[in-house]
Every structure is written in C-alpha cells, then in structure tokens.
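One letter stands for each residue in the lines below.
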Amino acid sequence: MQDAYRIGPGDVVLQKTPYTFDVSVRELLWPFLTGATLVTAPPQAHRDPQEMVEVIARESVTTAGFSGTVAGGPGR
C-alpha cells in the first residue's frame, strides 16, 4: 500500500470504516506504520456524505478511502 500511495508524518488519514469490517485494518494501522495522524469519524458518519465532507474539512484530511459508489463512480 505504501508503495502505491505514499503517506508520512504530514498526512492525516481518515478512519471511517467500522472497525469490525476487514477494510478498516488498513485505515487503522497504515498511519501508525508511517508516522501519519489518524482521525476517526463519528459512528455512522460513513453513511452520511455531508458529515464526511465536514469531518474531512475540519480535520484537514489528506487521505481517505471510499468505494466507487460512495465516491460517485460506477454503480451509483
């Protein structure tokens, strides 16, 4: 992951996936392995696009992962 998407001490990673979902492992551990900051979204915020926008702006998030349908891609 780090080879494809470099992050480091100046980055802020958004953890928005419930920790019970396997994809959250990347969101939870990657920042700690690279010195980036981890910001956690409020519970259920991943279901509300406007709340996600507000969290990203407020916390100056530099890295976040979204599925194609959430990001407005195919299937939406």
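The rules behind the values
Residues numbered from 1 in each chain as written. Predicted model: local features only at pLDDT ≥ 70, side-chain atom pairs only at ≥ 80, totals over all residues. Heavy atoms only, no water. Buried < 20%, exposed > 50% of the residue type's maximum accessible area, 1.4 Å probe, protein only. Helix = DSSP H or I, 4+ residues; strand = E, 2+ residues; numbered from the N terminus. Arc of directions from axis to C-beta. Contact = heavy atoms within 4.5 Å. Salt bridge = Lys/Arg side-chain N within 4 Å of Asp/Glu carboxyl O. Polar contact = N/O pair within 3.5 Å; in protein donor to acceptor, adjacent residues only side chain to side chain.

A. Examining helix α1 (residues 24-34) more closely. S24, E27, W30, P31 and T34 are the residues of α1 that are buried. Viewed along the axis of α1, the buried residues span an arc of 150 degrees, placing them on a single side of the element. For α1, the exposed residues set more than 90 degrees away from the buried face come down to F32 and L33. The elements touched by buried residues of α1 are β1 (12-15) and β2 (37-40). Following α1 by one or two positions, G35 adopts a phi angle in the positive range, close to 85 degrees.

B. Just the pattern of salt bridges, in detail. Here the structure, examined in full by the defined rule, presents one salt bridge. With its nearest N and O atoms 3.6 Å apart, the salt bridge here joins R58 to E59. The class for R58 is exposed, based on a relative accessible area of 54%. The exposure class assigned to E59 is partly exposed, which follows from its relative accessible area of 33%.

C. Highlighting helix α2 (residues 49-59). At the N-terminal boundary of α2, the capping side chain belongs to D48, with an oxygen 3.1 Å from the backbone nitrogen of Q50. Phi turns positive, to about 55 degrees, at S60, one or two residues after α2.

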